[in-house]
Amino acid sequence: MIVVKNLCKDFGSLRVLNNVSEHIEKGECVVIIGASGSGKSTFLRCLNLLEEPTSGEILFDGVSMTDPKTDINKMRQKMGMVFQHFNLFPNMTILKNIILAPVRTGLMSKEQAEKTAMELLGRVGLQDKASAYPAQLSGGQKQRVAIVRALAMQPEVLLFDEPTSALDPEMVGEVLDVMKQLARTGMTMVVVTHEMGFAREVGTRVIFLDSGVIAEEGTPAEIFGSPKSERLQSFLSKVL
Amino acid sequence: MEQYEALKALVTAGEPVTVWQKLYVYVYQAFIYKDRWKQYLNGVQTTLYVTAIALLIGVFLGLIVAIVRTAHDQQRKGHRNVLLGAINFVFNIYVTVIRGTPMMVQLMIMGFVIFASSKDFALVGALTLGINSGAYTSEIIRGGLMAVDVGQMEAGRSLGLGYTDTMRFVIVPQAVKAILPALGNEFIVLLKDTSLISVIGGKELIYAARGVVSRTYEAMFPFLGAALIYLVLVMAFTWLLSIFERRLRASDRR
């Protein structure tokens, strides 16, 4: 579904991603782990072109994302993203947050979008917050709304950029539960996280990024059970 | 009237009068004698008229310049629009020149060189002030747009919304709150700067005060009066603005 070929990304003279190639198949839940500064968020943000790759190619459903002729808005409609800091729109109610994109992009009528939004909110237990503003919600609730907002576009893949890192510890669980539930429905997911428990339990594949290259990848059992490289061993000994 | 004429004669002749009698004569001749208060009133009218037109021009220009410059700066690499680049270049020159030269010089160039043949001094003044204000307003608006968290633009774009839609529904509504107080400040500066158009013959408040000074050879009361009128106008406007801002905050539920 997503093919990454020789992806490089420089910030000034600093090379953050160095020749990363990867295939992500439909239905997979790929978890990306690595130390801070290893390039995992940058990799994720390159997938929907929030970061412009310096070189290399990204194909989504066979269409090149990096081609200047590609309608990037159309492509992004099919790949949702959930951010570390939620990035809900503070000037709109929860319901408006969710229906803005489906309605404006012509994906749904307003009535349809509202119906979908309420259904999705029900699934994450936040139906009663539809007319609230983001500032009235807790961190965990905001992140669940952010997931719903991304889902309302009916994306083919969801990208999670450290979705629990900005949450108070007691709220991490409620967000992870929603993500687990999503993974079970077969949603394709790419997750950058520090939650090793989630990676082990839900991930179908784990990628360990180190200094901008994929140092090791495999099933959770392989990565956590028998890490081969020294770098991964030392990383895991620090986080587990 | 007769009392004024009698006292005026005494003052002119250098006869001893009390401080209060002298004050009475000066205030009377500065504002009441020959209905001079009407001159001030006409001046205030012109001042407000010039302010309103300059404000409209300023906000209009400021909006366009701010939008173009922001859009230009936020283009993706490799997707640069040549036309946008050219307009941006022109607007950059505009902002640099206007901010880099004194208002008084701009007024003189507009009044005595470019529109030397025009008799509508107030309108030329308003146009100059508007063009001047536009440069500052554009920076205020641009600053407000830049102050919105980058995550907001990223969230909008990640949902597949276009740049324009994200700006319109997400960024601009949030920027307005940051822009308004600074814009109010700019309006106050503009209102007071209208006093400068008297140098090209605009018949605003200071022009009226100077007219009275040249008739009475007494400068203190006409200028004090003018200062007081400016103060009252600015205070009234500040009050209106604070009401408006409170309304905005009321919708900002926390």
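Everything numeric in this text was worked out from a predicted model, so none of it was measured.

Q: What's the story with the sheet that holds strand β4 (residues 55-60) of chain A in this structure? I'm lost.
A: Two strands in a sheet stick together by hydrogen bonds in their backbones, pointing the same way (parallel) or opposite ways (antiparallel). Residue and element names in this part refer to chain A. Pairing is antiparallel in the open sheet, where 4 strands are placed in the order β2-β1-β4-β5. In this open sheet, the two edge strands, each paired with only one partner strand, are β2 (14-24) and β5 (63-64). Those strands touched by helix α1 (residues 40-47) are β1 (2-11), β2 and β4, and its axis lies near 120 degrees from that of β1.

Q: Is there a simple way to explain the packing of helix α3 (residues 37-73) of chain B against helix α9 (residues 205-216) of chain B in this structure?
A: For any two helices packed against each other, the geometry comes down to the angle between their axes and how far apart the axes lie. Residues and elements named next belong to chain B. Direction vectors running N to C along α3 and α9 enclose 155 degrees, while the axes themselves pass 7 Å from each other. In terms of orientation, α3 lies roughly antiparallel with respect to α9. Seen from α3, the contacting residues are Q39, Y40, G43, V44 and T47; seen from α9, they are L205, A208, A209, V212 and R215. For the contact of α3 with α9, the residue count by class is 6 nonpolar, 3 polar and 1 charged.

Q: Explain the pairing of strand β3 (residues 29-33) of chain A to me, please; I cannot follow it from the model alone.
A: The side chains of a regular strand alternate between the sheet's two faces. All names here are of chain A. Burial analysis of β3 places 5 of its 5 residues in the buried class, the great majority of the element. Alignment of β3 against strand β8 (residues 188-192), held across 4 bridges, turns out to be parallel. Its bridge partner being in β8, V30 is matched across the sheet by V190. Pairing of β3 with strand β9 (residues 205-210) involves 4 bridges; the strand directions are parallel. Bridge pairing in β9 links V31 to V206.

Q: Can you help me understand the interface of chain B and chain A in this one?
A: Where interface size is quoted, it is often the accessible area lost as the parts come together. At the junction of the two partners, chain B supplies 23 residues and chain A supplies 29 residues. In this assembly, chain B packs against chain A so that about 2300 Å² is buried in total across both faces, 55% of it on carbon and sulfur atoms. For chain B, the biggest contributors to the area lost against chain A are R76, S158 and L159 of chain B; these three give 26% of the whole. Remark: the boundary between chain B and chain A carries 2 salt bridges. Among the ionic pairs, R45 of chain A bridges to E154 of chain B, the shortest N-O distance being 2.6 Å. The tally of links between chain B and chain A comes to 6 residue pairs in polar contact (both at pLDDT 80 or more). Secondary-structure elements contributing two or more residues to the side of chain B that touches chain A are α7 (150-158) and α8 (163-193) of chain B. The biggest single contributor to the side of chain B that touches chain A is α7 of chain B, with 7 residues.

Q: Which parts of the structure should I look at to understand helix α4 (residues 82-100) of chain B?
A: The periodicity of an α-helix, 3.6 residues per turn, causes residues three or four places apart in sequence to face the same way. All names here are of chain B. Taking 1.5 Å per residue, 19 residues should reach 27 Å; α4 reaches 27 Å between its end C-alpha atoms and fits that length. Packed against the buried residues of α4 are α3, α5 (103-114) and α6 (121-147). A distance of 2.9 Å separates the backbone nitrogen of L83 from a side-chain oxygen at the start of α4, and that oxygen is part of N81.

Q: When you look at a nonpolar patch on the surface in this model, what are you seeing that I'm missing?
A: All names here are of chain B. Taken together, the side chains of M104, V105, M108, I109, F112, V113, I114, F115 and L127 make up a nonpolar region of the molecular surface, amounting to roughly 750 Å² of accessible area. Looking at which element gives the most residues to the nonpolar patch, the answer is α5, with 7 residues. Here V105 is to be found in helix α5. Its relative accessible area of 37% is what places V105 among the partly exposed residues.

Q: Any chance you could explain the pattern of salt bridges here in plain terms?
A: Once their charged atoms are close, side chains differing in charge can pair, the charge on each being opposite to the other. Residue and element names in this part refer to chain A. Scanning the model with the defined rule gives 19 salt bridges over all chains in all. Where E28 meets R205, a salt bridge forms, and the shortest distance between an N and an O atom there is 2.7 Å. One end of the pair, E28, is in the loop between β2 and β3; the other, R205, is in strand β9, and 177 residues separate them in sequence. For R205, a relative accessible area of 14% puts it in the buried group. A salt bridge links K110 to E114; the shortest N-O distance between them is 3.3 Å. With a gap of 4 residues between them, K110 and E114 both fall in helix α4 (residues 110-123), about one helical turn apart. The class of K110 is partly exposed, set by a relative accessible area of 44%. On the basis of relative accessible area, E114 is assigned to the partly exposed category, the value being 25%.

Q: Would you mind going over the packing of α5 of chain B against α6 of chain B with me for this structure?
A: Residue and element names in this part refer to chain B. Two elements in contact, α5 and α6, have axes separated by 10 Å at closest approach and are oriented at 135 degrees. When the interaxial angle is binned, α5 and α6 end up oblique. Helix-helix and strand crossings are classified by hand; for α5 and α6 the assignment is right-handed. In this structure, α5 contributes M103, Q106, L107, M110 and G111 to the contact, and α6 contributes V124, G125, L127, T128, L129, I131 and N132.

Q: How should unusual backbone geometry be read in this particular structure?
A: When glycine is set aside, most residues are seen to have a negative phi, and most peptide bonds are trans. All names here are of chain A. The backbone of D61 shows a phi angle near 55 degrees, a positive value even though the residue is not glycine. Positionally, D61 belongs in the loop between β4 and β5. Here D61 falls in the partly exposed class, since its relative accessible area comes to 36%. Residue S211 is not a glycine yet carries a positive backbone phi of 50 degrees. Its place among the elements puts S211 in the loop between β9 and β10 (213-218).

Definitions and cut-offs
- Residues numbered from 1 in each chain as written.
- Chains lettered and ligands numbered in written order.
- Predicted model: local features only at pLDDT ≥ 70, side-chain atom pairs only at ≥ 80, totals over all residues.
- Heavy atoms only, no water.
- Pairing = 2+ DSSP bridges.
- Helix = DSSP H or I, 4+ residues; strand = E, 2+ residues; numbered from the N terminus.
- Contact = heavy atoms within 4.5 Å.
- Axes fitted to C-alpha atoms, helices over the stretch in contact; angles between N-to-C directions.
- Parallel < 35°, antiparallel > 145°, perpendicular 65-115°, else oblique.
- Nonpolar A, V, L, I, M, F, W, Y, C, P; charged D, E, K, R; others polar.
- Buried < 20%, exposed > 50% of the residue type's maximum accessible area, 1.4 Å probe, protein only.
- Buried area = accessible area lost by both parts, 1.4 Å probe.
- Salt bridge = Lys/Arg side-chain N within 4 Å of Asp/Glu carboxyl O.
- Polar contact = N/O pair within 3.5 Å; in protein donor to acceptor, adjacent residues only side chain to side chain.
- Expected span 1.5 Å × (residues − 1).
- Patch = residues over 30% accessible without salt bridge, like charges linked within 9 Å, V, L, I, M, F, W, Y side chains within 5 Å.
- Areas by Shrake-Rupley, 256 points an atom, 1.4 Å probe, with all protein chains shown as cover.
- Left-handed = near helix turned anticlockwise from the far one by under 90°.

All quantities given are derived from atomic positions and should not be read as evidence of function.
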